[in-house]
Each structure stands twice: as structure tokens, then as C-alpha cells.
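# Structure at a glance
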Protein chains: 2
Amino acid sequence: MSQTASIKDVATHAQVAVGTVSNVLNYPDRVSQRTKERVLKSIAELGFVRNDAARQLRAGQSRTIGLIVLDVGNPFFSSVARAAEDAATALGSVVLVGDSGQDASREAHYMDLFQEQRVQGLLISPVGDVADRIDTLRERGVPTVLVDQLADTDRCSSVSVDDQEGGYLAARHLLDTGRRRLAFVGTPSIRQVANRLSGAQRAVAEAAGATIEVLDSAGQTVLAGRQVGNDLVERAPGERPEAVFCSNDLLALGVMQSLTMLRTVKIPEDIALIGYDDIDFAVSAVVPLSSIRQPTEALGRTAIELLAEEQESGGTKHRAVVFTPELVVRQSTAGSPN
Amino acid sequence: MSQTASIKDVATHAQVAVGTVSNVLNYPDRVSQRTKERVLKSIAELGFVRNDAARQLRAGQSRTIGLIVLDVGNPFFSSVARAAEDAATALGSVVLVGDSGQDASREAHYMDLFQEQRVQGLLISPVGDVADRIDTLRERGVPTVLVDQLADTDRCSSVSVDDQEGGYLAARHLLDTGRRRLAFVGTPSIRQVANRLSGAQRAVAEAAGATIEVLDSAGQTVLAGRQVGNDLVERAPGERPEAVFCSNDLLALGVMQSLTMLRTVKIPEDIALIGYDDIDFAVSAVVPLSSIRQPTEALGRTAIELLAEEQESGGTKHRAVVFTPELVVRQSTAGSPN
DNA sequence: CGTAACAAATGAAACGATTCAAAGACGAGT
DNA sequence: ACTCGTCTTTGAATCGTTTCATTTGTTACG
């Protein structure tokens, strides 16, 4: 009673064989009504709870799906994670979320962990170069889906949003409102960020007399944004960009905090500001933040669907789903300069 | 090579006994340098990865700690979760996060799941009444720590923040700035929320001529807050409260969105607004949001510490750690009415 | 009455790691 | 040469499930 009862204890208590108890649990139809009742009663009395480790050992695979994100504190990722969880639950699986915090070693740590756990599959928004690692995982029968990053379809599946297009939309919008000297804030070592930047650069190249400088931030958090904002404030007014495109909303809100705290710079008159992701908090910012919206629910849901497809095909067929981002204009990019 | 190698395969390949391979992994000192090298080489060549299920089955316990929160999308909880993860990692454990979404059945689902996984321990911020369930868990050797809610110390340990005090601080602050007709927004069915409310009521009782009405929200999200805000906007101006205290910042930001969208109501002149948790986004809100700050990192870290204490004592000794919340005043509660 | 057909229940084997008592190897001391 | 002690290695037993070939029990039919 005090310690955990095993299936054997249940069998003894109900006076049946262990196989019968297992059948009651897994194939109730194979068992007669009478014994079923007896077994269920014993289970209740002993407070028996299946040991998942034993089950998994026998099955050779777990009912678990690993998800590695860049930052769970970012509403974008927590939204994707929740959608994935819901979709997985519907399939009888569970999602384990690991937070790499944009750190390659933490990412590797979680990959090791998930491999030891023999996860059904892996969803990952990678920091480092994980292509080789993913190949070996696939060889071992662990299908992987890249999340928020386009993959080579003959290596693995992916769900992503067209980041180049998103970057283009953002920069184009800033240029359309008359700004010429742009700045990009983010960590281009992350592929998604690099793509957003290159989209922005394309837009700049198309516009006469436009320039874009890159400000590498220390991370993609509110705090990192605040730091960049402080640097901007310290510049001579003429040296400041007319518009800032941040690679995500957290950064943008951080920049906004710094700029509005020191009352010298006005948004959007002096500096226009646009973010990326359109998190819930963007609309209620000091100056409501323009942003690029991504379909987070669709990303999470589709990731699970693709994983299921991979499993069915035995990891041979891959598919890349690409969603289109959407520009959301708010006050932070209103009007035109001067 | 293609499928996963077991310890037996490694043993064969390295021409040693399985026990030796196990020793290389767990007690390297017991093995001679030469065989150790040979075994490690085989491990690398075969790409062997430990099977956690088997290990866990033998050990009878996993290296996993379950954490059930009310809403991972809420930065308060993701911050607590991250702190707990970091503390657990330092102890060689892993935290699995389950999101109950304030739903008792989802909460029960995760409890079942974690019990099947034979987690080392459980951290939970409960929705429903889980006292009995926790008792049986303890009997089965699964220590539990209540997070963000005070527990009876002769039943289980807990880390919390004094919610009554927090509620008192918030309401008192509103009253001190001259407001008399207050409103409380939240879901008092959640214990924490109920405590915040009762603290606020105490403050109101102390102030002459002050009243507080309770607006039960559908959840504790930005969306739920927006709904409440819309209701407020539709009231005749004289019917509106002079100050609103929301049981968390998400709700407060939602209310703020509704109020500022329709330009008729001004914050803080017409309605003052205060939230709870002091999430990162509070400071960068349209009108910077006053709030009650809670020490999230300390909560997460301490939860893990208490769990360790429970484990050491065999679940016999319990301790309740209570932190003190702190009032953070910003523009949303500035000045006084009229 | 014999037996075929089907349903229900049985229990040993397997999954992959860890543990531990026992055996083996080797050198030092007598 | 023999014994003792230390260090290494061995391999069977174990954890709690699921699976599946067998056995047992029951009913139907010729």
C-alpha cells in the first residue's frame, strides 16, 4: 500500500496471471467481463500506476516528443510550444520542452537527453549547425522536424515562415514611410535572424539612397534591446538611424524602453521602430509596436503533423511547409520623418 | 550501426563483459586504463547512447522533476520555470513542464503522467484541490512542493509570496492616491487570486468610504482582460470605478488595451490601473504599469531546494518559505482623480 | 460421445541497463 | 613454491512491463 504496487502485485491480489492484467490495461476486449472487473478492483485497491519506464523499455520507444526552442520566455515560442503540445496530446503523445537559450552547448545537452529518452521524434529550432546530428538521429530512427527554419527537403522536414520576405516587408514599410537611414538590431548568427536581415537588405538595395547598418545585440531579449537602445541614445542626434528594425519584438520593446525613458528621442517622429513576431504585448506597448506577424499556432500544429508523416514514411519522405508573414502597422512607424 | 546499439553490443565489440561497460560509464575508477580506452572507442564507433528507460527501470526512479504551472505563456511562470530548470540542472536533474491552463482536468492529466514517469518529485501551482492527491503521492515516495501557494507545513512544503500582503499593498496604494471606488479583476477561484483579493479588501475596510467591486474574469490572460476592459468602457462614466486592481499583469495589460483603444477613458486620470507580477512588459506598456513584484528566480530556485530537502528527509519534514512582494509604482497609478 | 472451433487465461521470454558476489590476475612477502 | 591482498573483470539476477505461443475451458455440431 505504501510503496508502489507492480503489475505482479495486482495479479496476485486479483488471482490472475500477469499477462491478464496487462491485457485488461491494453486489450480490454480480450478479457472476460468478470475477470476484468476483478482486476480493475484490485488496481484501484492497490493504487497501481503503470511504470512508464518498463513499458517504454519493452516498447523500445517512448510516447514523448522533444521540442527545443531558442527561448521559452519569448511569447512567440511559448505559443508555438503550446500549439504543438495540444496537437501532440490529440495523438496520445507528450511534448517535452527544452530551452536552449540560444546556446549551442545547452542545445546539445537537450539533444543528448532526448536521445537517451528515446523520444519518438524531435522538433528543433536550432542555434548551431545541427545538420549532421540530425542525420545520425534519422539513421537511428528518430525523425526530426526543423521549426522556424527552412530545411533541405532531401534531408529533413521543416515548418517555417519566410523570413526573407518578412525582413523585406519590414524594411520596405520603413522605406515607404520615407525613412532612409535604417538600422537592424539582432543576432545574425541565428539563421532566422540572418534571413530577416538579408530580406531587409534587399529592400534597401531597391530604394535610392537608402542604407542599413547592423547592430549586433547580445541575445534576443528585452534586456539586450535595452542595451542597444542606450547605445543609440548616447549617439549624436545626427548619427542616429531614422528607423530601427528589430529581429524580434522583445528586442524592439527593449529598445523602446531605453528611447522613451530618456525623453530626448521620440517614436516614431525621430526614430521609427518595427519588431518581429507580433506578440500579444506589442499592441499594448508605450507606443503600439508595428511588427511582422507569424502564424504561431499553425507552426506548432504543422510541426507535429510533419513529424507524424516522417514516422509513417520511416523517415524517407520530407516536406517543407513555408508560411507567409504579414505586416502589422501600428503607431511606432506612423507618419514620416522630420 | 543504423539502429541503436545496446550495452551488450558494446561489450561484444570491445570484447569485455557487460558489467565492465557499465562500470566504464558509472564508475570509471574501477576500470583499468587500457580496457576503459577500448570500451570508449567501441562506444564511439557504435554510436552507443544509454537507454534511459532501462536505467530508470533498474533504478526505480527517474532523474526527472515534474512542474505544473497555471500558464506557461505568462512570463511570471516561464521565469519561475527557468529558474527551477537551472537549479535542477545543477543537481543533475531535468524539469518537465506541464501547463494546466487553469484547468483541473489538464492538471490531473499531468499528475497522472508524472506519476507514471515515476518523477523524483513534483512542483505544482495547483488549480483544483489537490491536497489528497499530494498525500497519496507522498505515501508513494513522491515528494511535492507547492509553488506560489502557502501549504500546511505538516502536510507538505511550499514556496510562496505573501499574496494577502501583495493585495493589501496594491489596494492601499490606490487608496493612498485618493481613489475610493475600486474594482478587482481576476478569477478568485484560484487561491492566490482569492488571497490577493482578501488583502485588497482589508485595505479597503481600513479606508473611510472606500468600496471594492469584484469583476470575475474568464481566465487570467490578456484576452480575458480585454473583455473586462470592454465591459468597463460600456458603462456610464459615473458607474466606472476610479481604480482597477488586476490579479496579474496580463489581465491589466488587456484592460489597458481596451481602455486606451476607445479614447474616452484616460489612465491614470479617469481610471488608475495596477497589475501583479511586474513582468518585463509592464514597464514598456502604453502607460507604464504599476505592479506588485514577485521574486520569480528565488521562487524557482527555492522550490528545487525544498524538494531536495523533502527527498533527504524521506518526505517527513516540511518547510514553508514565504517571500514578501514589493510595490512598484509607475505612471498608471500616478496623480489623483479629478 | 467425440471433436472441432473458439474464447479466455497463462506464464516464460524479452527489452537494456545496473548491481554484486564471485572468480581471475598479479605482485609482494615469507 | 605458497599464501595473502589488491585490483580488475565477469556474468547472472533484477527491475516492471508487453508479447505470444500454449494451455485450459466452453460450446456447438456431427
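Before going into details, it helps to say that this report is about the structure given with it. What you see is a predicted model; the values in this text were computed from it and never measured.

Within chain A one finds 12 helices and 12 strands. Over its C-alpha trace chain A gives a radius of gyration of 26 Å, far above what one expects of a compact globule, namely 20 Å for 338 residues. Counting the 338 residues in chain A, one finds 56% classified as buried. Between the averaged position of the 34 positive side-chain charges in chain A and that of its 43 negative side-chain charges there is a distance of 7 Å.

So, on to the pattern of salt bridges. With the rule as written, the count across this model stands at 36 salt bridges over all chains. Taking the shortest distance from any N to any O, the salt bridge between Arg-181 of chain B and Glu-242 of chain B comes out at 3.7 Å. Within this pair, whereas Arg-181 of chain B is found in strand β6 (residues 181-186), its partner Glu-242 of chain B is found in the loop between α10 (222-234) and β8 (243-246), the two being separated by 61 residues in sequence. With relative accessibility at 34%, the residue Arg-181 of chain B sits in the partly exposed group. In this structure, Arg-235 of chain B engages Glu-213 of chain B in a salt bridge whose closest nitrogen and oxygen atoms are separated by 2.9 Å. Of this pair, Arg-235 of chain B sits in the loop between α10 and β8 while Glu-213 of chain B sits in strand β7 (residues 211-216); the two residues are 22 residues apart in sequence, bridging distant segments of the chain. Residue Arg-235 of chain B is classed as partly exposed on the basis of its relative accessible area, which comes to 24%. Via salt bridges that share partners, Asp-52, Arg-55 and Arg-63 of chain A together with Glu-116 of chain B belong to a single interconnected network.

Below, the discussion takes up the protein's contact with DNA strand C. Taken together, 25 residues sit near DNA strand C, with Ala-17, Thr-20 and Thr-35 of chain A together with Ile-7 and Arg-58 of chain B positioned nearest. Taken together, the sugar and phosphate atoms account for 67% of what DNA strand C places within 4 Å of the protein. In the model, a phosphate oxygen of DNA strand C is placed 2.9 Å from a nitrogen or oxygen of the Thr-35 of chain A side chain. For DNA strand C, a phosphate oxygen lies 3.4 Å from a polar atom in the side chain of Arg-50 of chain B. Listed by contribution, the elements that provide at least two residues to the surface near DNA strand C are α2 (18-26) and α4 (52-59) of chain A together with α2 (18-26) and α4 (52-59) of chain B. With 4 residues, α4 of chain B is the largest single contributor of residues to the surface near DNA strand C.

Right, let's get into the sheet that holds strand β9 (residues 272-274) of chain B. The strands making up a sheet associate through hydrogen bonds between their backbones, and the pairing can be parallel or antiparallel. Residues and elements named next belong to chain B. Across the sheet, which stays open at both edges, the 4 strands sit in the order β7-β6-β8-β9 with parallel pairing between neighbours. Each edge of the open sheet carries a strand with a single partner, namely β7 and β9. Here the average twist between neighbouring strands, direction ignored, is 20°. Of the pairings in the sheet, the one linking β6 to β8 comprises 4 bridges and is parallel in character.

Time to look at the protein's contact with DNA strand D. Ile-7 and Arg-58 of chain A together with Ala-17, Thr-20 and Thr-35 of chain B are the nearest of the 25 residues found near DNA strand D. Near the protein, within 4 Å, the atoms of DNA strand D are sugar or phosphate in 68% of cases. Within the side chain of Arg-55 of chain A, an N or O atom sits 3.1 Å from a phosphate oxygen of DNA strand D. Ala-17 of chain B is positioned such that a nitrogen or oxygen atom in its backbone is 2.8 Å from a phosphate oxygen of DNA strand D. Those elements that provide at least two residues to the surface near DNA strand D are α2 and α4 of chain A together with α2 and α4 of chain B. When the residues that make up the surface near DNA strand D are grouped by side-chain class, the tally is 9 nonpolar, 10 polar and 6 charged.

Before going further, it helps to examine the side chain of Gln-294 of chain B. Residue and element names in this part refer to chain B. When you line up the elements, Gln-294 lands in the loop between β10 (291-293) and α12 (296-312). Assessed through its relative accessible area of 4%, Gln-294 is described here as buried. A distance of 2.8 Å separates a polar atom in the side chain of Gln-294 from a polar atom in the side chain of Asp-277. Among all residues touching Gln-294, those that are not within four sequence positions of it are Phe-76, Asp-148, Val-161, Asp-163, Arg-196, Tyr-276 and Asp-277.

Residues and elements named next belong to chain A. Across the 6 residues that make up strand β6 (residues 181-186), a large majority, 5, are buried. As paired elements, β6 and strand β7 (residues 211-216) share 6 bridges and run parallel to each other. Within β7, the residue paired with Gly-186 across the bridge is Asp-216. Running through helix α9 (residues 191-206), the crossover from β6 to the neighbouring parallel element β7 is right-handed.

Before going further, it helps to examine the relation of the copies chain A and chain B. In the superposition of chain A on chain B (RMSD 0.1 Å, axial shift 0.1 Å), the rotation amounts to 180°. Viewed as a symmetry operation, the transformation between the two copies matches a two-fold axis. For chain A, the smallest separation between a C-alpha atom and the rotation axis is recorded for Val-286 of chain A, amounting to 1.6 Å. When the interface residues of chain A are mapped onto chain B, 100% of them again lie at the interface, so the same face is used by both copies.

Attention shifts here to the environment of Pro-28 of chain B. All names here are of chain B. Examined against the element boundaries, Pro-28 turns out to sit in the loop between α2 and α3 (33-46). Given a relative accessible area of 34%, Pro-28 falls into the partly exposed group. Separated by 135 residues in the primary sequence, Pro-28 and Asp-163 have C-alpha atoms spaced 50 Å apart. Not counting residues within four places of it along the chain, the set of residues in contact with Pro-28 comprises Asn-23 and Lys-36.

This part covers the interface of chain A and chain B. Taken together, the contacts link 46 residues of chain A with 46 residues of chain B. When the buried surface of chain A facing chain B is broken down by residue, Glu-116, Arg-140 and Phe-281 of chain A rank first, second and third, together holding 15% of it. Here chain A is connected to chain B by 8 salt bridges. For the salt bridge of Asp-71 of chain B with Arg-82 of chain A, the shortest nitrogen-to-oxygen distance reads 3.2 Å. Put simply, chain A and chain B have 21 residue pairs in polar contact (both at pLDDT 80 or more) between them. Listing elements by their share of the side of chain A that touches chain B, those giving two or more residues are α4, α5 (75-90), β2 (94-99), α6 (104-116) and α11 (249-261) of chain A. Its residues assigned to classes, the side of chain A that touches chain B shows 20 nonpolar, 12 polar and 14 charged.

Below, the discussion takes up the environment of Leu-289 of chain A. Residues and elements named next belong to chain A. One can find Leu-289 in the loop between β9 (272-274) and β10 (291-293). Sequence separation of Leu-289 and Ser-332 is 43 residues, and the distance between their C-alpha atoms is 5.1 Å. Contact partners of Leu-289, with chain neighbours within four places excluded, come to Asp-249, Ala-252, Leu-253, Met-256, Leu-273, Ile-274, Gly-275, Ala-282, Arg-330 and Ser-332.

This part takes up unusual backbone geometry. All names here are of chain A. The residue after Ile-267, namely Pro-268, is reached through a cis peptide bond having omega 5°. Among the secondary structure elements, Pro-268 is positioned in the loop between α11 and β9. Not every positive phi belongs to a glycine, and Gln-15 is a case in point at roughly 55°. Topologically, Gln-15 is positioned in the loop between α1 (7-14) and α2. Of the residues examined, Gln-15 reaches a relative accessible area of 69% and is grouped as exposed.

Note that soluble globular proteins tend to have their nonpolar side chains buried in a common cluster. One finds Leu-273 and Phe-281 of chain A together with Leu-273 and Phe-281 of chain B to be the most contacted residues of the largest nonpolar core, which totals 54 residues. For this core, the secondary structure elements donating two or more residues are β6, α10 (222-234), β8 (243-246) and α11 of chain A together with β6, α10, β8 and α11 (249-261) of chain B. Ignoring anything within four residues of it in the chain, the contact list for Phe-281 of chain B reads Pro-75, Val-222, Leu-250, Leu-253, Ile-279 and Phe-281 of chain A together with Pro-75 and Leu-253 of chain B. Counting residues in each nonpolar core, the second largest holds 47 residues, with Ala-87, Phe-184, Ala-200 and Ala-207 of chain A among its members.

Basis of the calculations
- By convention here, each chain's residues receive numbers from 1 onward along its written sequence.
- Whichever chain is written first is A, and whichever ligand is written first is 1; the rest continue in order.
- Only residues with pLDDT of at least 70 are given local features in this predicted model, and only at 80 or more are side-chain atom pairs given and counted; all residues enter the totals for whole chains, interfaces and linings.
- Based on all heavy atoms of the structure, the side-chain values leave hydrogens and waters out of the count.
- Secondary structure is summarised from DSSP: a helix means a run of H or I of at least four residues, a strand means a run of E of at least two, and numbering begins at the N terminus for each.
- Within these notes, the globule rule equals 2.2 Å times the number of residues to the 0.38 power, and the radius of gyration is based on C-alpha atoms.
- Whether a residue is buried, partly exposed or exposed follows from its accessible area with a 1.4 Å probe, protein chains only, as a fraction of its type maximum: under 20%, in between, or over 50%, in that order.
- Only four residue types enter the charge count, namely Lys and Arg as positive and Asp and Glu as negative; His and the chain termini do not.
- For the purpose of locating charges, the reference atoms are NZ of Lys, CZ of Arg, CG of Asp and CD of Glu.
- Within this document, salt bridges are pairs made up of a side-chain nitrogen of Lys or Arg and a carboxyl oxygen of Asp or Glu, the two lying within 4 Å of each other.
- Proximity is defined per residue: any heavy atom of the residue falling within 4 Å of a molecule or strand makes that residue near it.
- Two N or O atoms count as a polar contact when they lie within 3.5 Å, although within protein this holds only if one can serve as hydrogen donor and the other as acceptor, and sequence-adjacent residues are included solely when both atoms are side-chain atoms.
- Two strands pair if DSSP finds at least two bridges between them.
- Helix axes are fitted to C-alpha atoms over the stretch in contact, other axes to C-alpha atoms as well, and angles between N-to-C directions run from 0 to 180 degrees.
- Three classes are used, and their members are as follows: Ala, Val, Leu, Ile, Met, Phe, Trp, Tyr, Cys and Pro are nonpolar, Asp, Glu, Lys and Arg are charged, and the others, Gly among them, are polar.
- Between two residues, a contact is recorded if the distance between any of their heavy atoms is within 4.5 Å.
- Classification remark: right-handed applies to a crossover when, strands pointing away from the viewer, the course from the first strand over the helix to the second runs clockwise.
- When the copies are overlaid, the least-squares fit takes in C-alpha atoms only where the residue has pLDDT of at least 70 in both copies.
- Summed over both partners, the accessible surface that disappears when two parts come together, traced with a 1.4 Å probe, is what is meant by buried area.
- Think of a nonpolar core as a cluster: buried Ala, Val, Leu, Ile, Met, Phe, Trp, Tyr and Cys residues, connected wherever their side-chain atoms sit within 4.5 Å.

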